[in-house]
There are 2 protein chains.
Amino acid sequence: MIHIYTGNGKGKTTAALGLIIRSLGNNKKVCLIQFMKKNFVYGEIKFLEKQQNIDIYQFGTDQLIDPNNPDEIDFKEAKLGYKKAKEVLNSKKYDLIIIDEINVAIKWKLLPLEKQLELMEIKTSAEVVMTGRYAEPEVIKRADLVTEMLEIKHYFTTGIQARKGVEF
Amino acid sequence: MIHIYTGNGKGKTTAALGLIIRSLGNNKKVCLIQFMKKNFVYGEIKFLEKQQNIDIYQFGTDQLIDPNNPDEIDFKEAKLGYKKAKEVLNSKKYDLIIIDEINVAIKWKLLPLEKQLELMEIKTSAEVVMTGRYAEPEVIKRADLVTEMLEIKHYFTTGIQARKGVEF
């Protein structure tokens, strides 16, 4: 089954993290692949890397990407992320595979859409979760389950900044 | 700050679980209060009850509730849940307080809406997250952040297409 968490609201990556916890609690094996992130100061990563039964791979840099002008390294890292995702999906080693922010990597053209669709075609018994705003219509079409996290009300729009321990 | 995760899609409770992981990774103190659940076989609960810095309280039974005809014990448990939530919100002991499924407890009239609004008025520096479908308009109005998890496509209801006017 392939789940997509998309939309402009909070809760996409955190919902995936919740699924990880549920799986680990049931002694299942989990792989978390993150696009456009390389930063082990995130609270959730600090926590998860201490756990058993989970492998974490991050692809990206600790710099923000300019969607209109990504750096060479951003393309390179996204390609490495795609290769790792392909390997992991084919490995049969995991029960839950999270591919975090891949929708955004596609939207920002760090990877062609075909690569995401190719990953979705890989036969696996694992639950696969792909997150990020801007899931493409073709991705939605091929997914088994799609949830849109819709922002109804947000304090960022009233000028409050991202806070450690809440947003990251 | 009070966050609401509501809507008919997946990811409300799991998003709250993800926030828990993020907080624990940042050495913060967490309280998870669950309405209408008393079942420690949930993978996430098995996992979380082994962790430091988290207290978990469940109110409910291991039986499903009939929304049109709840049992006496369902009302009693909901009332106990409200009391615990009030105590916890006033305690200043936690950085993150999750009140899981309270929106549904209100919708099913296990508790009057005024009790939830009363909890929302308690001054606390903690992040407070209330989850569950059917958040009442008054609750949305008082919240700082509201995300609706919207089911766009679900394998239980095959054939449903992404709807016009929804931005992916």
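Use the structure listed above.
Since the model is a prediction, treat every value here as computed from it, not as a measurement.

Here is what the cut-offs are and how they apply
Residues numbered from 1 in each chain as written. Chains lettered and ligands numbered in written order. Predicted model: local features only at pLDDT ≥ 70, side-chain atom pairs only at ≥ 80, totals over all residues. Pairing = 2+ DSSP bridges. Helix = DSSP H or I, 4+ residues; strand = E, 2+ residues; numbered from the N terminus. Axes fitted to C-alpha atoms, helices over the stretch in contact; angles between N-to-C directions. Contact = placed C-beta atoms within 7 Å. Buried ≥ 20, exposed ≤ 12 C-beta atoms within 10 Å, placed from the backbone.

A. Layout of the sheet that holds strand E1 (residues 2-6) of chain B. Spatial ordering of the open sheet is given by E3(A)-E2(A)-E4(A)-E5(A)-E1(A)-E6(A)-E6(B)-E1(B)-E5(B)-E4(B)-E2(B)-E3(B), a layout of 12 strands whose pairing is mixed. What marks the edges here is a single partner per strand, and that holds for strand E3 (54-59) of chain A together with strand E3 (54-59) of chain B. Between one strand and the next, the sheet's axes are offset by a mean angle of 15°, whatever the strand orientation. Here strand E2 (residues 30-35) of chain A runs beside E3 of chain A; their pairing, made up of six bridges, is parallel. In the strand pairing of E3 of chain A, Gln-34 of chain A is matched with Gln-58 of chain A. Its contacts with the sheet put helix H3 (residues 72-91) of chain A on E2, E3 and strand E4 (96-100) of chain A, and the angle it makes with E2 of chain A is roughly 160°.

B. A look at the pairing of strand E5 (residues 127-131) of chain B. Residue and element names in this part refer to chain B. Extensive coverage of E5 is indicated by the burial of five of its five residues. Residue alternation in E5 divides its side chains into two sets, Glu-127, Val-129 and Thr-131 and Val-128 and Met-130, and both sets are buried. Two elements, E1 and E5, share four bridges in a ladder whose sense is parallel. Of the residues in E5, the one forming a bridge with Tyr-5 is Thr-131. As defined by bridge partners, strand E4 (residues 96-100) adjoins E5 across four bridges and the pair is classed as parallel. In the strand pairing of E5, Leu-96 is matched with Glu-127.

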